Amino acid sequence: MTHPSSWKDTEVRCETGTSVPDRYSALLPLVRNLKLRMCLTDPANRKTALRVLRQAVARGDGRLEGLSINCEGNTPLFYAGQDLQQGLVDILTNGSSLTVLDLRGVPFTLSDSFVRSVAMLCPGLHSLFINNHSLVCGVNAETLRQALKSCRSLNVLGVFQASLSQDVFKDLMLPERPALKKLELRCERSLKYTVPLCDQIWLELKLRHPRLWVELELDHTLPELHVPGVLQPSIPVRCLRLLTWTLLLDEIRIVRQSYANTLEVLEVQTIPSVELNAELIALAKQCVKLQEVHCYCVVSQEVITAFITNCPDLYRYTLKTHKESHPWTSTKLK
């Protein structure tokens, strides 16, 4: 149990309000990649999670490289996560060797000051995910630019699309920056108040980073009129989640016309119709690189047959001809 390899990837769940036993606390500095799960309903769980993190970085010898935080349970009313954000900054102030920070599992809005502080305290970050499921984007473009300046090795980035701007793209295309591998973008209501990104800037980014692939998530708060503007044809989209619960006939047509050479994962939440079935069949014939398809509305048997027949790499799908009780289960082919 005391061998470092036993603690390389460790998950700690803070659910009962109790602290980690001393015999395990002494071994937490051996952790390389730490996943923290906590139930937010009890403040004691949040304190335990911060205590675990503090013990994991206690030695300060550069052992902890990856940190992922996931919050579970109902979020307390008016809770903004200030204790967790400030606690994380305080712990990292003593020195950080983090190369991966994943905050997609926190439900509260991350502030500009928090992201700036983390970027300055963790200059060795290679991967940063701040595209969580808070109601609004709290990180502006200037903060993101500052993060890019502080973390010069950053090559995997997950953010709200509202945090992007022309200047952010120019920073990403600077000759001294490393090759950008992956960009995860969450698109929600905040895009109403930003300047849309034109297709030309995406084309330039793709030329600068030819191995880049993009994951797009459009949620139900994004106004329907803004959806076509998000789906620019030059984006190298590999994973697309259309979680809008609106009619998506035009959008699916855009997807098959623009992303046929790159799309591997598609998730759709929309309204069933005969027209939708026709569009999905046409998409299956063009987007032949698809590996996963998940459509959370009823489709025809012809749709299922079209994906199985035309997509040789397909290994998992959620396509139902009849409604089922929640949650719908997926079908694995391989």
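Scroll up a little and you will see the structure.
These notes cover the structure that comes with them. (Residues numbered from 1 in each chain as written. Predicted model: local features only at pLDDT ≥ 70, side-chain atom pairs only at ≥ 80, totals over all residues. Heavy atoms only, no water.)

## Some remarks on helix H11 (residues 301-310)
At step 1: All of the buried residues along H11 are Val303, Ile304, Ala306 and Phe307. An end-on view of H11 places all buried positions within 160° of arc, on one side of the element. H11 presents Glu302 and Thr309 as exposed residues on the side facing more than 90 degrees away from its buried surface.
At step 2: Elements that come into contact with the buried residues of H11 comprise helix H10 (274-286), strand E11 (292-298) and strand E12 (316-320). (Buried < 20%, exposed > 50% of the residue type's maximum accessible area, 1.4 Å probe, protein only. Helix = DSSP H or I, 4+ residues; strand = E, 2+ residues; numbered from the N terminus. Arc of directions from axis to C-beta. Contact = heavy atoms within 4.5 Å.)

## Comments concerning the pattern of salt bridges
At step 1: Within this structure, the stated rule accounts for 22 salt bridges.
At step 2: Salt-bridge contacts for Arg13 lead to Glu11; the nearest nitrogen and oxygen are separated by 3.2 Å.
At step 3: Between Asp102 and Arg104 there is a salt bridge, with its nearest N and O atoms 2.7 Å apart.
At step 4: On the basis of relative accessibility, which here comes to 13%, the residue Asp102 falls in the buried class.
At step 5: Taking the relative accessible area as the measure of exposure, Arg104 reaches 29% and is therefore partly exposed. (Salt bridge = Lys/Arg side-chain N within 4 Å of Asp/Glu carboxyl O.)

## Comments concerning the pairing of E12
Along a regular strand, successive side chains alternate from one face of the sheet to the other.
At step 1: Most of E12 sits out of view: four of its five residues are buried.
At step 2: Examined bridge by bridge, E11 and E12 share four bridges and lie parallel to one another. Looking across to E12, one finds that Val293 is bridged to Tyr317.
At step 3: Taken together, E11, H11 and E12 form a β-α-β motif whose crossover is right-handed. (Pairing = 2+ DSSP bridges. Right-handed = clockwise from strand over helix to strand, strands pointing away.)

## Re the packing of helix H4 (residues 112-121) against helix H5 (residues 141-150)
At step 1: Their axes nearest at 8 Å, the elements H4 and H5 cross at an angle of 10°. With respect to their mutual orientation, H4 and H5 come out roughly parallel. Seen from H4, the contacting residues are Asp112, Val115, Arg116, Ala119 and Met120; seen from H5, they are Glu142, Thr143, Gln146, Ala147 and Ser150.
At step 2: The residue makeup of the contact of H4 with H5, split by class, is four nonpolar, three polar and three charged. (Axes fitted to C-alpha atoms, helices over the stretch in contact; angles between N-to-C directions. Parallel < 35°, antiparallel > 145°, perpendicular 65-115°, else oblique. Nonpolar A, V, L, I, M, F, W, Y, C, P; charged D, E, K, R; others polar.)

## Thoughts on the packing of helix H9 (residues 249-258) against H10
At step 1: Remark: H9 packs on H10, axes separated minimally by 9 Å, with the N-to-C direction vectors making an angle of 10°. One finds that H9 runs roughly parallel with respect to H10. Contact with H9, carried on its side by Leu249, Ile252, Arg253, Val255 and Arg256, involves Glu275, Leu276, Glu279, Leu280, Ala282, Leu283 and Gln286 of H10 and no other residues of that element.
At step 2: Counted by class, the contact of H9 with H10 contains seven nonpolar, one polar and four charged residues.

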